[in-house]
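Next come the chains, spelled out residue by residue.
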Amino acid sequence: MRRLEYFEYIRVEEIHAFVSRLYGSSGKPVVLIEHLLRVTLSIISMMVLGDKYFGVSSDDRIGSNSVLSLPEFQELLKEFFLLNGVVNIGDWIPWLDCLDLQGYIKRMKAVKGKLDRVLDKHKRKKKELSENFVPQDTVDVLLQLADGPDVDAKLTNDNVKGLIVVIYFAHSFYFPFETEQLFNFY
């Protein structure tokens, strides 16, 4: 509960930005689900990663901390879950694996590279602060657990990246769908 209260300012700021964007769009048609998805991803990003890792458009990344635009970020999540469910011929016929006939290995490496950029930023911060390091977000807590000597189950970098994506998936894909269903109900 303490951590949730600690992040209240994030929710307030993002909701204020959300309402401001809607106000700025007055008089124009608005696709509410896109705005709700953006505010949800912004809140999750700030709480989990401690920073906004995406802008709304490609232009938003210029001069900001954004690693990806919002559509690129959404595509990354979709690609991650698609690739986790595909049937790779190389898994069934091992001597074909090196050929990457379906291109899945190449796509998996691209997704891994984008996720590594996010994790590397947190690792650099942790390394710079070393002894003065205090976890500020969920990834920091996970990295601290991964490096902790008294942990029964050791977390790897891949475990941390997987947990980050699952947290995003659980919130970003279900929330807008449920919200849309709620609006359709009334």
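Residues numbered from 1 in each chain as written. Predicted model: local features only at pLDDT ≥ 70, side-chain atom pairs only at ≥ 80, totals over all residues. Heavy atoms only, no water.

K.L.:
Honestly, the overall build of the protein in this entry has me stumped. Any pointers?
P.N.:
Each helix and strand in the protein was counted, giving nine helices and two strands. When the helices and strands of the protein are listed from N to C terminus, the series reads α-α-α-β-β-α-α-α-α-α-α. Taken across its 186 residues, the protein has 35% of its residues classed as buried. In the protein, 53% of the contacts between residues at least 6 apart in sequence involve partners at least 24 apart. Approximately 12200 Å² of the protein is accessible, and the part contributed by carbon and sulfur atoms is 60%. (Helix = DSSP H or I, 4+ residues; strand = E, 2+ residues; numbered from the N terminus. Buried < 20%, exposed > 50% of the residue type's maximum accessible area, 1.4 Å probe, protein only. Contact = heavy atoms within 4.5 Å. Areas by Shrake-Rupley, 256 points an atom, 1.4 Å probe, with all protein chains shown as cover.)

K.L.:
I tried to follow the nonpolar core on my own but got confused; where do I start?
P.N.:
Judged by nonpolar contacts, the single largest core of 22 residues is most densely connected at Leu49, Val139, Ile164 and Tyr168. Looking at this core, the elements with two or more residues in it are α3 (32-49), α4 (70-85), α6 (104-129), α7 (138-147) and α8 (157-172). Those residues within four positions of Ile164 in sequence are excluded, and the remaining contacts are Val48, Leu49 and Val139. (Core = buried A, V, L, I, M, F, W, Y, C linked by side-chain atoms within 4.5 Å.)

K.L.:
Please clarify how α6 should be interpreted in this entry.
P.N.:
Since the α-helix turns once every 3.6 residues, residues separated by three or four places project in the same direction. Over its 26 residues, α6 extends 38 Å from the first C-alpha to the last, a length consistent with the 38 Å expected when each residue adds 1.5 Å. All buried positions along α6 are accounted for by Tyr104, Val111, Leu115, Asp116, Val118, Leu119 and His122. Ser130 sits one or two residues past α6 and shows a positive phi near 35°. (Expected span 1.5 Å × (residues − 1).)

As far as function goes, none of this settles anything; it's purely spatial.
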